[in-house]
Structure formats: C-alpha cells, structure tokens
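Structural overview for review
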Amino acid sequence: MIETNRLKIYAASRQQMEAFIAAQSVDFLKAAYTEMLKGCLANPEQYEWYAIWMIELADGTHIGELCFKGLSEEGSAEIGYGIAEEHQGRGYATEAVSALVDWALKQPCVSDVTAETEESNIASQKVLCKAGFLPTGEYGEEGPLYIRRK
C-alpha cells in the first residue's frame, strides 16, 4: 500500500478485482478491467503491472483507480487513471499519479513511465505535467504521449 497525506493507493486482490468488475455498469470500463484481470492471471510475477490500483481517501472512501498496462521488456510502463467526477478538481489525480509513479520508478526493472491523454483533455495533461511528466511530441492511440524517466 502507498499512502500519501490524503490517499491510500493499493493493488486490488483478484477477489477485489472480480467484485469491482461485476459491479461495473459501463461496458467499456468492464471490458478494460476484465483485460487487466486477465493480465494479472497470465502474468502473476508482474501482478502489480496489470492490477487495478484502488484510490481511497484516508477514511476509506473509494474515489478512483489507476493502472499500468503491463511492463515492457525495456522497462517502460504506461499508466492510466481516473477519479470519480464528484471528487475531481481537488488534486487527487495528481497526488495519486505522482505517488504511484514514484513507486514504479523505484523498481529496478523500470526505466520510465508513459501516459497518453486525449488532446482535448487539458485537465489530464495538467495532472501529468504536475506529476513530472514531459510531452514527447509524439502521439499514441489516445492522443499526446507523455513520459517520466528515472
């Protein structure tokens, strides 16, 4: 578990992930989280790099999720994140992303963490910049690519 001043961040267990997936009402999220669980099961030695990382307030209120999209052989991990709408605008995304990326970059197998965001998602771009990411000038499937290196 990673703790910040306001947040608790942890990789969900298989049972927690299964319950979280079952409770999803948004089809594309259910599909994405199901793929993450499949990644955990197929790569148990890299569980953290496929798991849903839960974001909770200190009082246990669930406010969002983070994830990595696996870990490449070169040591690059792509991060994704989301904060529930009613908790946005309070700096939680920046705090959570910063904490998890700090953790990731301390792992000996990791060289960098990348992220993509839609070009129109200025708030997400600000989160990445505040968390120490730099734009690469390249575009991925979702939009501009950002990177934070060791």
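An account of the accompanying structure is given in this report. Note that the structure is predicted; figures quoted are calculated from it, not measured. (Residues numbered from 1 in each chain as written. Predicted model: local features only at pLDDT ≥ 70, side-chain atom pairs only at ≥ 80, totals over all residues. Heavy atoms only, no water.)

Concerning the pairing of strand E7 (residues 134-139)
- Taken across its 6 residues, E7 has 0 buried, putting it largely on the surface.
- As paired elements, E7 and strand E8 (residues 144-149) share 3 bridges and run antiparallel to each other. If you follow Leu134 over to E8, its bridge partner there is Ile147.
- Counting the residues between successive antiparallel strands, the hairpin from E7 to E8 contains 4 residues, one of them, Gly143, with a positive phi of roughly 140°. (Buried < 20%, exposed > 50% of the residue type's maximum accessible area, 1.4 Å probe, protein only. Helix = DSSP H or I, 4+ residues; strand = E, 2+ residues; numbered from the N terminus. Pairing = 2+ DSSP bridges.)

Looking at the pattern of salt bridges
- All told, the structure shown has 6 salt bridges when counted by the stated rule.
- The partner of Arg14 in a salt bridge is Glu18, and the shortest N-O contact between them spans 2.9 Å. Of this pair, Arg14 and Glu18 both sit in helix H1 (residues 14-23), 4 residues apart, which is roughly one turn of the helix.
- On the basis of relative accessibility, which here comes to 35%, the residue Glu18 falls in the partly exposed class.
- Linking Lys69 and Glu142 is a salt bridge whose minimum nitrogen-to-oxygen distance equals 3.2 Å. In this pair, Lys69 sits in strand E4 (residues 62-71) while Glu142 sits in the loop between E7 and E8, placing the two residues 73 residues apart along the sequence.
- Given the relative accessible area of 43%, Glu142 is considered partly exposed.
- In the salt-bridge network here, residues are joined through shared partners; they are Lys69, Glu78 and Glu142. (Salt bridge = Lys/Arg side-chain N within 4 Å of Asp/Glu carboxyl O.)

As for the nonpolar core
- If you look at the biggest cluster of nonpolar residues, it comprises 45 residues, and the most contacted ones within it are Leu66, Phe68, Ile79, Val113 and Phe133.
- In terms of residue count, helix H3 (residues 92-105) provides more of this core than any other element does, 9 residues in total.
- Setting aside chain neighbours within four positions, we find Phe133 in contact with Ile79, Val97, Val101, Val113, Thr114, Ala115, Leu128, Tyr146, Ile147 and Arg148. (Core = buried A, V, L, I, M, F, W, Y, C linked by side-chain atoms within 4.5 Å. Contact = heavy atoms within 4.5 Å.)

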